Structures are given as C-alpha cells and as structure tokens.
Amino acid sequence: METGKGQDMKVSCKQNNRERNKIELVTRNLTKSFGELRALDEVSIEVKSCITLIIGPNGSGKTTLINVITGFLGADKGRILFGEKEVTNLPPHDIFKQGIVRTFQTSQPLLKLTVLENLLIAEANYGESIIQSFKRNWLAKEEALVKKALSTLSFLGIEHMWNEPAMNLSGGQLRLLEIGRALMCQAKLIIMDEPIAGIAPDLSHSILKKIRELSGRGISFLIVEHRLDLVLGYVDRVYVMAGGRIVAEGRGKEVLENPRVVEVYLGDQG
Ligand SMILES: Nc1ncnc2c1ncn2[C@@H]1O[C@H](COP(=O)(O)OP(=O)(O)OP(=O)(O)O)[C@@H](O)[C@H]1O
C-alpha cells in the first residue's frame, strides 16, 4: 500500500477524536420520488469519519438513499456535500473520483479472474491520471501496484488465495475482496449495502473487525445492514429510516431503546 495516505496497512495511525468527528458527507433535505411514492423525504444525515449505519424496515428508503448519494439515481430536491464539495446529482464516475466508493457483489466476469487480478483491475479503473503515469513508468508502477495489492490482501487475510479465481472464494472472502477493491481505489468513504448478508456469524465478525480497523485508519464507512445483532457493536452512529424519513438517530445499540425505533420495527412485523 502507499505510505503516508492513511491506507498503509502496516502503519498504525489511530485517529484522535477530532479526526473521528470530522464530517465527511452531508445530505440536506434529500428527496426522491418514484411516481406518487416518496422514497426519500427530506433526508438529512451527517456521515463523520467513522462507521455510520443506516437501518430500517424493508422499503424504508435505505438503498434509494445510497443510490442517490452515489449518483445512480438523481435527487429531486436537496443537496449532498462531500467535504467542501457539492456532489449532488453528479454522475457515478465523478462521485467515485471524489473518493466515494460503493462496493458491489463481485460480478460474473470478475469471478473468473484471480483474486490479485481483481485488485489490480480496481486500481487500473481508478482514472486517467493513473493510466497516464502507468504509461510513463509502467514497470515501477506495476511493481508498486502488485505490492499494494498483496499488502491489501494480507491485511484482509486472504493473501493465500491471491492466485485463485475469485469464484473459489467463500461468500465472506468475497466481501473482503470487495473491500480490497475499494481500498485499491483510494476510497475515502466506502458505502456498503448489506456487507454481512448471508455470512456466518464468525466470518461476519471478522469482516466487521476489518471495517473497524480501516475506520481507525481514516476511512469512513456508510453501511446498510439488517443484521443488527451482529453489526451494532461495531458502529459509531446509527440512523433509522421509515417511510423515506429519518425517524431516529443514536449511538450504537442505544438506538434500539428509542420507542420510535421499536415502533417502526414492530410495525414491520405486523
Ligand atoms: N426504481 C424504483 N421504481 C419504483 N419504486 C422504487 C424503485 N426503487 C425503490 N422503489 C420503492 O421505494 C421504496 C424504498 O425502497 P428501497 O429499496 O430504497 O428500500 P430499502 O429500505 O432499501 O428496502 P430493503 O431493506 O427491502 O432493501 C420502496 O417502496 C420501493 O418499492
């Protein structure tokens, strides 16, 4: 990994409180409708440089929020700021270039590539400047890139699989690979939709621990996850959505004590 950019996996750089409270991403009154349905209704959140979790019953607007933040859907109203920069309704590739990286399930063609190739491709996709510098000094660049990829795999604990087709990885290892691909893209904020869905508890805890460690090294996370029993112990801030609105917010497990949260979840079961 590159040194001095907060992503060197060998360097411990625990954040102080002020850094952890730095606001990375802000949404202000974000609104999105599908026909008559208001999927997002004046959603205002602050994602600080830590782990922020969004929870809520099915259909409450969590994925729509992620889609609008990452430019996959346009907002009807409202603003999104990343650092000082306005990113509202920018196309996905421009939002990606700002350092907001969304993880996706590894696609079918990528599953045929090796684990290492998956990381190298992620970095190569990062933008023209890298491709240009690659042309200028390709050997040194390639060496550095492979070193960075192997270091990332080692941090994630899947370095022994480097030469295996990604399709040979377990579900949990694939999630780690998705994180690895985001790290190769110099992500400042990683957005993950259900990172531990369908993963056994032991491996889920391993994934969440890695996320926690990365957060301590300056990478922010915005996570949507339904498995509250597993995830709540790892996050710093929780927003609860229902009917397209933020109905509660709090720190970790304490949010579940909020009567409004109990109400929306009980309503979901009924
Ligand atoms: N492309 C779309 N066209 C029409 N309606 C949509 C579209 N995408 C989402 N919706 C609707 O918007 C509402 C919010 O959906 P969204 O997927 O954001 O909820 P969610 O909280 O992510 O749900 P889940 O936890 O089940 O994934 C739902 O009523 C959904 O049916």
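Conventions and cut-offs
Residues numbered from 1 in each chain as written. Predicted model: local features only at pLDDT ≥ 70, side-chain atom pairs only at ≥ 80, totals over all residues. Heavy atoms only, no water. Helix = DSSP H or I, 4+ residues; strand = E, 2+ residues; numbered from the N terminus. Buried < 20%, exposed > 50% of the residue type's maximum accessible area, 1.4 Å probe, protein only. Contact = heavy atoms within 4.5 Å. Areas by Shrake-Rupley, 256 points an atom, 1.4 Å probe, with all protein chains shown as cover. Pairing = 2+ DSSP bridges. Salt bridge = Lys/Arg side-chain N within 4 Å of Asp/Glu carboxyl O. Axes fitted to C-alpha atoms, helices over the stretch in contact; angles between N-to-C directions. Expected span 1.5 Å × (residues − 1). Near = heavy atom within 4 Å. Polar contact = N/O pair within 3.5 Å; in protein donor to acceptor, adjacent residues only side chain to side chain. Nonpolar A, V, L, I, M, F, W, Y, C, P; charged D, E, K, R; others polar.

Visitor: So what exactly am I meant to see when it comes to the overall build of the chain here?
Guide: The helix and strand tally for the chain stands at 11 helices and 10 strands. Put simply, the chain has 270 residues, and 49% of those count as buried. Taking the intrachain contacts of the chain between residues at least 6 apart in sequence as the baseline, contacts between residues at least 24 apart amount to 69%. A total accessible area of about 13000 Å² is found for the chain, and carbon and sulfur atoms account for 51% of it.

Visitor: Can you help me understand the sheet that holds strand E5 (residues 85–86) in this one?
Guide: Note: strands within a sheet are paired through backbone hydrogen bonds, in either parallel or antiparallel orientation. The sheet built from 4 strands is open, its strands ordered E2-E1-E4-E5 with antiparallel pairing. Unpaired on one side and paired on the other, strand E2 (37–48) and E5 mark the two borders of the sheet.

Visitor: So what exactly am I meant to see when it comes to the pairing of E2 here?
Guide: As a general feature of sheets, a regular strand has side chains that alternate between the two faces. Note: strand E1 (residues 23–34) against E2, 8 bridges, orientation antiparallel. Across the sheet, the residue bridging to Ser 33 is Arg 38, located in E2. Here E1 hands over to E2 after 2 residues, with Gly 35 in that stretch at a positive phi of 60°.

Visitor: Looking at this structure, how should I read the pattern of salt bridges?
Guide: Pairs can form between side chains of opposite charge whenever their charged atoms are close. Scanning the model with the defined rule gives 10 salt bridges in all. The salt bridge involving Glu 86 is made with Arg 79; its shortest N-O contact spans 2.6 Å. Classification of Glu 86 by relative accessible area gives partly exposed; the value is 35%. The exposure class of Arg 79 is partly exposed, given its relative accessible area of 42%. Overlapping salt bridges, with partners in common, bring together Arg 38, Asp 41 and Arg 245 in one network.

Visitor: Before we go on, may I ask you to explain the sheet that holds strand E9 (residues 237–242) in this structure?
Guide: Overall, mixed pairing links the 6 strands, which are arranged E6-E7-E8-E3-E9-E10 in an open sheet. The open sheet has two edge strands with one neighbour each: strand E6 (100–102) and strand E10 (245–250). Each neighbouring strand pair of the sheet contributes to a mean axis angle of 20°, computed without reference to strand direction. Alignment of strand E7 (residues 189–193) against strand E8 (residues 220–224), held across 5 bridges, turns out to be parallel.

Visitor: Please explain helix H8 (residues 171–184) as it appears in this structure.
Guide: Three- or four-residue spacings in an α-helix give side chains the same orientation, since the helix completes a turn every 3.6 residues. Here H8 contains 14 residues, and its C-alpha end-to-end distance of 20 Å stays within 8% of the 20 Å for a straight helix at 1.5 Å per residue. For H8, the buried fraction is high: 13 of the 14 residues fall into the buried class. Positive backbone phi, at 55°, marks Gln 186, one or two positions downstream of H8.

Visitor: Please explain the environment of Glu 143 as it appears in this structure.
Guide: Secondary-structure assignment places Glu 143 in helix H7 (residues 138–156). Of the residues examined, Glu 143 reaches a relative accessible area of 55% and is grouped as exposed.

Visitor: So what exactly am I meant to see when it comes to the site of the ligand here?
Guide: Around the ligand, the neighbouring residues are Phe 34, Leu 37, Ala 39, Pro 57, Asn 58, Gly 59, Ser 60, Gly 61, Lys 62, Thr 63, Thr 64 and His 226. Asn 58 is positioned with one of its side-chain polar atoms (N or O) 3.2 Å from an oxygen atom of the ligand. Here the ligand loses 58% of its free accessible area of 630 Å² to cover by the protein chains. Considering each element in turn, the shell around the ligand owes the most residues, 3 residues, to helix H2 (residues 62–69). Here the shell around the ligand is built from residues that sort into 4 nonpolar, 7 polar and 1 charged.

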